[in-house]
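The chain contents come next:
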Amino acid sequence: MGRKLDSTTKVKRGPGRKARKQKGAETELAKFLVNDDEPKKLSSRAKKRAIKRAQVSKVPKQEEKPKKGFSDENNKWLKPAQRKRKIEQSEEEEDSDSQWEEDDDDDEEGLVQQQMEEEDDDDEDMVDDYGAEEQDSDGEELLPIEKAARKQKKQTSLKPESDEEEDDDDDDEDDDEKGDLDEDDDEEEEEDDTVQANIDETEQFKLPGAADRAKEGLLPMDLQTIHQRIKDNVDVLSHFSEKREEGKERSEYISLLCSDLCTYYSYNEFLISKLMDLFPLSELVDFLEANEIQRPVTIRTNTLKTRRRDLAQALINRGVNLDPLGKWTKVGLVIYDSSVPIGATPEYLAGQYMLQGASSFLPVMALSPQEGESVLDMSAAPGGKTTYMAQLMRNTGMIVANDASADRLKSVVGNIHRLGVTNAVICNYDGRQFPKVMGGFDRVLLDAPCSGTGVISKDPGVKTGKDEADILRSAHLQKELLLSAIDSVNADSPTGGYLVYCTCSIMVEENEWVVDYALKKRNVKLVPTGLDFGKEGFTRFKERRFHPTLKLSRRFYPHSHNMDGFFVAKLKKLSNTVPTTPKETENEAESTNMQTAASSEQIQKPESKRQKPASTPEKSNMGKKQKLEKKKSDGPKKAKIAKLDGEASKKSEKPKKQKVKELNGDSTKEVGKEKKKGSQSEKKNKNKTKKLVNKNKKRMGKNRFRKLKSMLGKAK
Amino acid sequence: MRPLTDEETKTMFEKLSKYIGENIKLLIDRPDGTYCFRLHNDRVYYMSEKILKLATNISRDKLVSVGTCFGKFTKTQKFRLHITALDFLAPYAKFKVWVKPGSEQSFLYGNHITKSGLGRITENTAQYQGVVGFGVAAKTTQECRKVDPMSIVVFHQADIGEYIRSEDTLT
């Protein structure tokens, strides 16, 4: 410390404390005077400050070179006392940071610093009491850290980069100023200083580059430091053009932020990078913070057995502190605290309420099943949504609650019985088999199994356990399930034809992408969910572009809505036909032909009628539609038939031959598939096809038939 | 899933009548449709016919539960009533026992009810009559008056605490 150099301080270390104190007082006064002299610098600084103030930007960094050497040591000494007046803890943290990070650097000490030290000593005396003096002597213990800091400061100050100097200078300014000038000015400048000091920090992180990181890897950095660094980094990134360090790319800041977030919040890199794509930086930290704490406990009143008012009253009598959940629900209650376990009160046992997350209310509200409808819940465990649907339907109609996991179904059974649901059938199928088992539901709810990135607060294992493959696997399963769900809805239902797809994930791959896929593959459209809050779904994300109606879907986040992360989309099925020809992927060009031919064979066999190759395409189209759906739209079929008639007449024999060849050669698999798929619906549609065929036969004429027959004969 | 055989039906109805007397008919013919009992995996399920139709589509090994489970048949063909049937039987219960609040909690935990917890009791409760809640009256009404406070008055058979205690067995 520069204090040692002061002859005055040495003098102070004379006889007793009191004497010292007195002397110190005197010397303090003297120093006041001295400082008055010193304020030459101050005054110059004041001038500079004035200039700064005059200027808008933070440009005047270079003016404070004379104050370079003003070491952090002084800051450390002085700031605790001084900073009590001012709330800039960040500066302290910076100092601590700088302590940690600057230890490695520098061994230089300059005269400049000594001068600064002197000034610092003065300041110390001014502010601190006699302990300060003692600290001077005892300060040796702290000095090594300060020395190192000093050294680093010197190094940075000596380096051409003006920013650091500026920071040091600013810090120094603070110290100097405190004794003298308006504290308001100081505070302003200190705020600027902290900002610049932030930059300083980030810059300092990167200066050593790889070496520093490696050191960080070895030394466990304390979380405070990391947290501060995250904040500063976000700050820099949000005002990048102003606060960036020269020569440092945005990507470097971002990569540093990424690794810091991973360390601080215990995520794996993959997830953090996904989240960084998803949220702007300011929200990102909020989101991560929100995932650290639990969402409030919420319950849903079972209106089959009680009313919300009565239930609230009963629970309050038991000693539960609760409130209605929000304007958007009439059955939700949020529990603040409770003297009895909420899952074990007699009311719970009597089935008067159900413990359920607030976000789980939403898909059922969106679906809004009516009384007397038949509803399918494809992924029902543990049964919260199923029972909510039952209570909305007042135990009328019918609910099929399905889940692929037999273990989890037990909870569904329990909940259904407990809540007094009588119209439920519970089964244990893989959801993808569903259209075959049963179809023609009025409404379907699919709460698809997902990666769980929206419920990290409930399951912190998601933070590190998920990677690219998991997400894609989930997405694949969800697409299959969604298609099955769509196929289980009856589009011609008088009251319904709706499907709600929801997940407790915030990943675009599992949400918008899946819905977009379904829009392409089936005759469905998105409709408003009826939920008036929540963020709209994305219509584009990175390189992907989704259908514009995706903005009718809704996203919910823990940090903005205080409920688990959720995605809800409501679809309406337009028709029961499956648009397969134009939009299929991969093999389609050939396989469509094969399928048409195959299905034509298939249909021909049961019908056992005279076959006309021209009619086969018609049948094939019908067969395709038969695959998964029961009903048909006659209009498009007839149109297609008419088309095909025209085509058949125009076509030469050769393509037909080819078709036939393909038939014979490759169609066995297709036939097999189509037979299975078409079996149920096929029977129903036989009559229709027969009728149509009859009509078409009349149109076709025998000559063509003979021709084709002969072709077939030739081909074989 | 199959309909109950005569024997099973008899056994079950006997048990039910202990609790609700002759009101069993009311269970079958309800204003909103006919209900029926079906047996599946040794359990008796109570459901409306509409649900029955739908449930037949589901294959036997995949079907977990239909409507409400009333109880199950043990290996020795005795019928054991489940708490899940409470909602249906309660309106028709013949014999009721009023219990004090403290005793109610203890009943929930699975204990029998002692006289000290007894508030009121329906007149003419015969011994071993079913009491909805569920319990079996251990003593007749008269005897209840006589006995000392600690003796057991109602045997515990089923209570809603089972929803938590034996969640697994409900399936």
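Rules of the game
Residues numbered from 1 in each chain as written. Chains lettered and ligands numbered in written order. Predicted model: local features only at pLDDT ≥ 70, side-chain atom pairs only at ≥ 80, totals over all residues. Heavy atoms only, no water. UniProt positions renumbered as here; feature names shortened; annotations may be inferred. Helix = DSSP H or I, 4+ residues; strand = E, 2+ residues; numbered from the N terminus. Buried < 20%, exposed > 50% of the residue type's maximum accessible area, 1.4 Å probe, protein only. Contact = heavy atoms within 4.5 Å. Areas by Shrake-Rupley, 256 points an atom, 1.4 Å probe, with all protein chains shown as cover. Buried area = accessible area lost by both parts, 1.4 Å probe. Salt bridge = Lys/Arg side-chain N within 4 Å of Asp/Glu carboxyl O. Polar contact = N/O pair within 3.5 Å; in protein donor to acceptor, adjacent residues only side chain to side chain. Pairing = 2+ DSSP bridges. Expected span 1.5 Å × (residues − 1). Arc of directions from axis to C-beta. Patch = residues over 30% accessible without salt bridge, like charges linked within 9 Å, V, L, I, M, F, W, Y side chains within 5 Å. Lys, Arg positive; Asp, Glu negative; His and termini not counted. Charge placed at Lys NZ, Arg CZ, Asp CG, Glu CD. Phe/Tyr/Trp six-rings, centres within 6.5 Å; stacked < 30°, edge-to-face > 60°. Axes fitted to C-alpha atoms, helices over the stretch in contact; angles between N-to-C directions. pLDDT = per-residue confidence, 0-100. Core = buried A, V, L, I, M, F, W, Y, C linked by side-chain atoms within 4.5 Å.

- Going by what an unreviewed UniProt entry lists, chain B is known as 60S ribosome subunit biogenesis protein NIP7 homolog and is assigned to Labeo rohita.
- The record held by UniProt for chain B lists under Subunit (unreviewed entry) the comment "Interacts with pre-ribosome complex."
- Recorded under Subcellular location (unreviewed entry), the UniProt text for chain B is reproduced unchanged: "Nucleus, Nucleolus".

### Side note on the overall build of chain A
Piece 1. Across its full length, chain A holds 30 helices and 15 strands.
Piece 2. Looking at the 716 residues of chain A, the share that counts as buried comes to 54%.
Piece 3. A separation threshold of at least 6 residues defines the contact pool for chain A, and within that pool the share at least 24 residues apart is 75%.
Piece 4. Working note: accessible area of chain A is about 30,800 Å², and carbon and sulfur atoms make up 51% of it.

### Observations concerning the interface of chain B and chain A
Piece 1. Taken together, the contacts link 27 residues of chain B with 26 residues of chain A.
Piece 2. Buried area between chain B and chain A, summed over both chains or domains, comes out near 2,400 Å², and the portion from carbon and sulfur atoms is 67%.
Piece 3. Run the count over chain B and chain A and you get zero salt bridges.
Piece 4. Where chain B meets chain A, there are six residue pairs in polar contact (both at pLDDT 80 or more).
Piece 5. Elements with a minimum of two residues in the side of chain B that touches chain A: helix H3 (49–55), strand S5 (63–66), strand S6 (68–73), helix H4 (86–89), helix H5 (101–108) and helix H7 (162–165) of chain B.
Piece 6. Where strand S7 (residues 424–427) of chain A meets S5(B), three bridges bridge the pair, whose relative direction is antiparallel. Within S5(B), the position partnered with A:Val425 by the bridge is B:Val66.

### Looking at helix H1 (residues 6–20) of chain B
Residues and elements named next belong to chain B.
Piece 1. Taking 1.5 Å as the rise per residue, H1 with 15 residues should run 21 Å; its terminal C-alpha atoms sit 20 Å apart, in good agreement.
Piece 2. Burial in H1 covers these residues: Glu 8, Met 12, Lys 15, Leu 16, Tyr 19 and Ile 20. Down the axis of H1, the buried set is contained in an arc of 125°. They therefore lie on one face. Residues of H1 that are exposed and angled more than 90 degrees away from the buried face: Asp 6, Glu 7 and Lys 10.
Piece 3. Positive backbone phi, at 65°, marks Gly 21, one or two positions downstream of H1.

### Regarding the pattern of salt bridges
Residue and element names in this part refer to chain A.
Piece 1. This model, assessed by the stated rule, comprises 17 salt bridges over all chains.
Piece 2. Here Lys 535 ties to Glu 283 by a salt bridge, and the two come within 3.8 Å at their closest N and O atoms. One end of the pair, Lys 535, is in strand S11 (residues 535–536); the other, Glu 283, is in helix H15 (residues 281–292), with 252 residues separating them in the sequence.
Piece 3. With relative accessibility at 21%, the residue Glu 283 sits in the partly exposed group.
Piece 4. With its nearest N and O atoms 3.3 Å apart, the salt bridge here joins Arg 307 to Asp 310.
Piece 5. Given a relative accessible area of 48%, Arg 307 falls into the partly exposed group.
Piece 6. Among the ionic contacts, a cluster of salt bridges with common partners joins Asp 430, Arg 432 and Glu 480.

### Some remarks on the pairing of strand S3 (residues 332–338) of chain A
Looking along a regular strand, one sees side chains alternate from face to face of the sheet.
Residues and elements named next belong to chain A.
Piece 1. Pairing of strand S1 (residues 297–301) with S3 involves four bridges; the strand directions are antiparallel. Counterpart to Thr 298 in the pairing with S3 is Val 334.
Piece 2. Here strand S2 (residues 320–324) runs beside S3; their pairing, made up of five bridges, is antiparallel. Within S3, the residue paired with Asn 321 across the bridge is Asp 337.

### Focus: a positive patch on the surface
Residue and element names in this part refer to chain B.
Piece 1. The grouping of Lys 72, Lys 75, Lys 78 and Arg 80 at the surface amounts to a positive patch.
Piece 2. Summarising the element assignment, Lys 75 is placed in the loop between S6 and strand S7 (79–81).
Piece 3. Given a relative accessible area of 84%, Lys 75 falls into the exposed group.

### Section: the environment of B:Glu7
Piece 1. Summarising the element assignment, B:Glu7 is placed in helix H1.
Piece 2. Residue B:Glu7 is classed as exposed on the basis of its relative accessible area of 65%.

### Let's talk about the packing of aromatic side chains
All names here are of chain A.
Piece 1. Under the criterion given, the structure shown has 19 aromatic pairs over all chains.
Piece 2. Between the aromatic rings of Phe 361 and Tyr 388, the centroid separation amounts to 5.8 Å while the plane-to-plane angle is 65°, which identifies the pairing as edge-to-face. Of this pair, Phe 361 sits in helix H18 (residues 361–367) while Tyr 388 sits in helix H19 (residues 384–392), and the two are 27 residues apart along the sequence. Just as Phe 361 is buried, Tyr 388 falls in that class too.
Piece 3. Three or more aromatic residues joined by ring pairs form one cluster here, namely Trp 328, Phe 361, Tyr 388, Phe 533 and Phe 556.

### Thoughts on the sheet that holds S1(A)
Residues and elements named next belong to chain A.
Piece 1. One open sheet holds the four strands; their spatial order is S2-S3-S1-S4, and the pairing between them is antiparallel. With partners counted over all chains shown, the strands left at the sheet margins are S2 and strand S4 (353–355), one partner each. Across the sheet, the mean angle separating the axes of adjacent strands is 35° when strand polarity is ignored.
Piece 2. Set on the sheet, helix H16 (residues 308–318) makes contact with S1, S2, S3 and S4; between it and S2 the angle comes to about 155°.

### Thoughts on the confidence of the model for chain A
Residue and element names in this part refer to chain A.
Piece 1. With 56% of its residues at a pLDDT of 70 or more, chain A has an overall mean of 70.
Piece 2. Throughout residues 58–69 the model reports pLDDT below 50, and contacts reaching past four residues in sequence, or to other chains, amount to 41 contacts.
Piece 3. Contacts from residues 79–140, a stretch scored under 50 in pLDDT, to residues over four places away or in other chains number 179 contacts.

### Re the nonpolar core
All names here are of chain A.
Piece 1. Among the nonpolar cores identified, the biggest contains 76 residues, and Leu 275, Leu 288, Phe 434 and Leu 482 are the most heavily contacted of them.
Piece 2. Those residues in contact with Leu 275 that lie beyond four places of it in its chain are Tyr 267, Leu 284, Phe 287, Leu 288 and Ile 506.
Piece 3. Of all hydrophobic cores here, the second largest spans 37 residues; its members include Met 393, Ile 416, Leu 419 and Ile 426.

### Examining the side chain of A:Gln478
Residues and elements named next belong to chain A.
Piece 1. Among the structural elements, Gln 478 can be located in helix H23 (residues 468–488).
Piece 2. Looking at Gln 478, the relative accessible area reads 0%, which means it is buried.
Piece 3. Among all residues touching Gln 478, those that are not within four sequence positions of it are Ala 448, Pro 449, Cys 450, Tyr 501, Thr 503, Glu 510 and Val 514.

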